[in-house]
Amino acid sequence: MTREPDGSLGMAGVSLADVAREFDTPTFVYNLEVLRSRHDILCQAFARQGVPLRVRYAVKANGSRAILETLASLGAGADIVSGGEMAAALRAGISADRIVYSGVGKTGSELEETVRTGLGAIHVESLEEIDLLARVAKREGRDVAVGIRVNPGVTTETHPYISTGQFGIKFGIPADQAGAAAEQIAASPRLTFHTLGMHLGSQLLVPTPYGDGLECLLDLLAQLRGRHLAGDLQVLDLGGGIGMRFRDESPLDPRDLAAAVAPGVRKSGLAVQMEPGRYLVGPAGVLLTRVLYRKHSGGKDFLVVDAGMNDLARPSLYQAYHHMVPVHPASGPVGPTEVVGPVCETGDWLARDRGLPALPAGALLAVLGAGAYAYSMGSNYNLRRRPAEVVVSEGRSALARARETVDDLFRREVPDPLSLLSSDRGPS
Ligand SMILES: *Cc1c(COP(=O)(O)O)cnc(C)c1O
């Protein structure tokens, strides 16, 4: 974030007040300079260790075309978790061979669609999924590169909803079943065991879990090689999860991460791949919102703003903290404030007990760290229209996705469903 000559907040040389004037609020604003620089920092950290990183950006963090196209132009691939995300990645110019498909609940038709497209790898999460994938590959007459996503049984210090690498949760194939999974792949003529991977969780702030997980993967690798089950293996995938700073956390420095895993990666002789989402795009985005009303209730000061939990679910879903900065510097005493949205839920808040000056109605607030898991988790709850998305870079701004219209809300509605029930059609 920068300050404009008039003291107001700017991003990439663009005034946020101008963005609000042109595109209204609430609006997500993404700084593509930040996105590019974080991609470079991550890749350089691994390159310096002599283990060039393959980046497979986790589309679920933010699937906006402008974000995907920017990453595609940097050579990144994509990690997808649905057929919809595959379509988003392909239309943004990410080639199929750079797309990996993750997810614990892929449907038969999604497997068909992705097998036909010929993705870089499909990462399986259960023995039954391998079964189904083998049948689909045979039926389609296609060879499929398979990744085994191992659950290495590593606990992480993050919010329980985003911890994914410990035993007893739904993700991955438990390490002790990985041998059976590799045997099953070896027994399927159309399947090749291409990637051994893990994804431990999100918002990880220390390299230790990656080191622990990698150790588990290397143990497995040795066992699989001993059983001649790893002859085609090419890639070690360490997943996503690299944390960022929301408040006062020390974020995980990619150089520390690369240093922690490089020796193990080198020893494996495999290419190293990661699936970062939040790290790349989280700090690149802000949610621009406007104060609608102020009120005092129950001894508390409330700011009612025009963005709600349907636009940014993280505070109500994970009790997440997002820093907030008034776009125009405000004077006056700072007091504890509840920042709440218009949605009819008490849980619809963006900040609780936050030190903010008494902002007047009409004031603009920038909610920071809103580039990841923000727009992509949004909904139409309360029949609210999804906000606009704007990208900024080198002093210019452009609309990346228009605010939804009322028509958008009803586009898929059948005009007169009640008539389809009416008696003149006879009993069914
Ligand atoms: C969500 C997810 C990621 C990305 O996680 P971040 O914390 O955003 O980096 C990567 N891989 C898989 C399999 C995921 O489900």
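Please refer to the structure placed before this passage.
Residues numbered from 1 in each chain as written. Predicted model: local features only at pLDDT ≥ 70, side-chain atom pairs only at ≥ 80, totals over all residues. Heavy atoms only, no water.

### Observations concerning helix α6 (residues 127–140)
The test is simple: By definition, any uninterrupted DSSP run of H or I lasting at least four residues is a helix, any uninterrupted run of E lasting at least two residues is a strand, and each is numbered from the N terminus. To estimate the expected span of a helix, subtract one from its residue number and multiply by 1.5 Å. Exposed residues in this analysis have more than 50% of their type's maximum accessible area, buried residues have under 20%, and partly exposed residues fall in between, with area computed by a 1.4 Å probe over protein chains only. Working note: the arc is built from the helix axis to C-beta atom directions. For this analysis, residues touch if any pair of their heavy atoms sits within 4.5 Å.
Here α6 is 14 residues long and its end C-alpha atoms lie 20 Å apart, about the 20 Å a rise of 1.5 Å per residue gives. When we look at burial in α6, the residues that qualify are Glu129, Ile130, Leu133, Ala134, Val136 and Ala137. Projected down its long axis, α6 carries its buried residues within an arc of 170 degrees, all on one side. Across α6 from its buried face, at more than 90 degrees, point the exposed residues Glu128, Lys138 and Arg139. Elements in contact with the buried residues of α6: α5 (108–117), β8 (121–124), β9 (144–151), β10 (173–174), α7 (178–186) and β11 (191–197). The first or second residue beyond α6 is Gly141, which carries a positive phi of 65 degrees.

### Here's the deal with the sheet that holds strand β3 (residues 14–15)
Note on sheets: strands pair through backbone hydrogen bonds, and any given pair is parallel or antiparallel. Applicable threshold: Strands are labelled as partners when DSSP assigns at least two bridges between them.
Here 3 strands make up an open sheet; going across it, the order is β1-β2-β3 and the pairing antiparallel. Of all strands in the sheet, those with a lone pairing partner are β1 (2–3) and β3, marking the two edges. With 2 bridges joining them, β1 and strand β2 (residues 9–11) adopt antiparallel strand pairing. Counterpart to Thr2 in the pairing with β2 is Gly10.

### Remarks on the layout of surface pockets
For the record, the criterion: Method remark: on a 1 Å grid restricted to protein atoms, a set of points is classed as a cavity if a 1.4 Å probe fits but cannot get out and as a pocket if it is open with protein on both sides within 12 Å along at least five of seven lines; lining residues have an atom within 4 Å of a point. Grid points are joined across faces, edges and corners, and a volume is the space filled by probe spheres set on the points. Each residue receives one of three labels: charged for Asp, Glu, Lys and Arg, nonpolar for Ala, Val, Leu, Ile, Met, Phe, Trp, Tyr, Cys and Pro, and polar for the others, Gly being one of them.
Approximately 570 Å³ is the volume found for the largest pocket. For the lining of the largest pocket, the residue count by class is 14 nonpolar, 12 polar and 10 charged. Here the second largest pocket is characterised by a volume of approximately 300 Å³. Lining the second largest pocket we find 16 residues, and of these Gly63, Ser64, Tyr375, Ser376 and Arg401 sit closest to its centre. With 3 residues, helix α4 (residues 83–91) is the largest single contributor of residues to the lining of the second largest pocket.

### Quick notes on unusual backbone geometry
The peptide bond linking Thr25 to Pro26 adopts the cis configuration, its omega dihedral lying at -5 degrees. Along the chain, Pro26 falls in the loop between α1 (16–23) and β4 (27–31). Of note in the backbone geometry, Asp24 takes a positive phi value of approximately 70 degrees without being a glycine. As for its placement among the helices and strands, Asp24 is situated in the loop between α1 and β4. Look at Asp24 and you get partly exposed, because its relative accessible area is 43%. Even without being a glycine, Leu383 presents a positive backbone phi close to 50 degrees. Looking at where Leu383 falls in the secondary structure, it is placed in the loop between β19 (364–367) and β20 (388–393).

### Digging into the packing of helix α8 (residues 208–226) against helix α9 (residues 254–268)
The description of two helices packed together rests on the angle between their axes and the distance between the axes. Short version of the rule: What counts as an axis is a line fitted to C-alpha atoms, over the stretch in contact for a helix, and the angles between N-to-C directions run from 0 to 180 degrees. Our angle categories are set so that under 35 degrees counts as roughly parallel, over 145 as roughly antiparallel, 65 to 115 as roughly perpendicular, and the remainder as oblique.
Two elements in contact, α8 and α9, have axes separated by 10 Å at closest approach and are oriented at 5 degrees. One element, α8, and the other, α9, form an angle in the roughly parallel class. Together, Tyr210, Leu214, Leu218, Leu221 and Arg225 of α8 and Leu257, Val261, Gly264, Val265, Lys267 and Ser268 of α9 make up the contact between the two elements. When grouped by side-chain class, the residues that make up the contact of α8 with α9 number 7 nonpolar, 2 polar and 2 charged.

### Details of the packing of aromatic side chains
Definition in use: To pair, rings of Phe, Tyr and Trp, with the six-membered ring standing in for Trp, must have centres within 6.5 Å; the planes then decide the type, stacked if under 30 degrees apart, edge-to-face if over 60, and tilted in the middle. Geometrically, a charge over a ring is one whose NZ (Lys) or CZ (Arg) sits within 6 Å of the ring centre while staying within 35 degrees of the ring normal.
Considering all chains together, one arrives at 2 aromatic pairs under this definition. Ring geometry for Phe28 versus Tyr30: centroids 6.3 Å apart, planes at 20 degrees, classification stacked. A residue is classified by how much of its surface remains accessible, and Tyr30, at 1% relative accessible area, is buried. Consider the rings of Phe28 and Tyr375, whose centres lie 5.9 Å apart with planes at 75 degrees: the pair is edge-to-face. Of this pair, Phe28 sits in strand β4 while Tyr375 sits in the loop between β19 and β20, and the two are 347 residues apart along the sequence. The class for Phe28 is buried, based on a relative accessible area of 0%. Overall, the relative accessible area of 12% leaves Tyr375 in the buried class. Within the aromatic cluster, the residues linked to one another by ring pairs are Phe28, Tyr30 and Tyr375. In this structure, Arg38 packs its charged tip against the face of Tyr279, placed 4.1 Å from the ring centre. Seen from the ring of Trp349, Arg352 lies directly overhead, with NZ or CZ sitting 5.3 Å from the centre.

### Comments concerning the pairing of β19
Working note: regular strand, side chains alternate between the two faces of the sheet. Of the two faces of β19, the one carrying Leu364 and Ala366 and the one carrying Leu365 and Val367 are both buried. Pairing of strand β14 (residues 285–297) with β19, which is carried by 4 bridges, proceeds in the antiparallel orientation. Along β19, the bridge assignment pairs Leu288 with Ala366. Where strand β16 (residues 324–326) lies against β19, 3 bridges are found, and the strand directions are antiparallel. Of the residues in β19, the one forming a bridge with Met324 is Val367.

### Description of the nonpolar core
Heads up, the rule is: Within this scheme, the nonpolar core is defined by two criteria: the residues are buried Ala, Val, Leu, Ile, Met, Phe, Trp, Tyr or Cys, and they are joined through side-chain atoms within 4.5 Å.
Formed by 103 residues in total, the largest nonpolar core has its most connected members in Phe46, Tyr57, Ile80, Leu133, Ile148, Leu191 and Leu196. Ranked by the residues each element gives to this core, the list is headed by α8, at 8 residues. With 19 residues, the next largest nonpolar core counts Met11, Phe23, Val325 and Val392 among its residues.

Read these as geometric descriptors, not functional statements.
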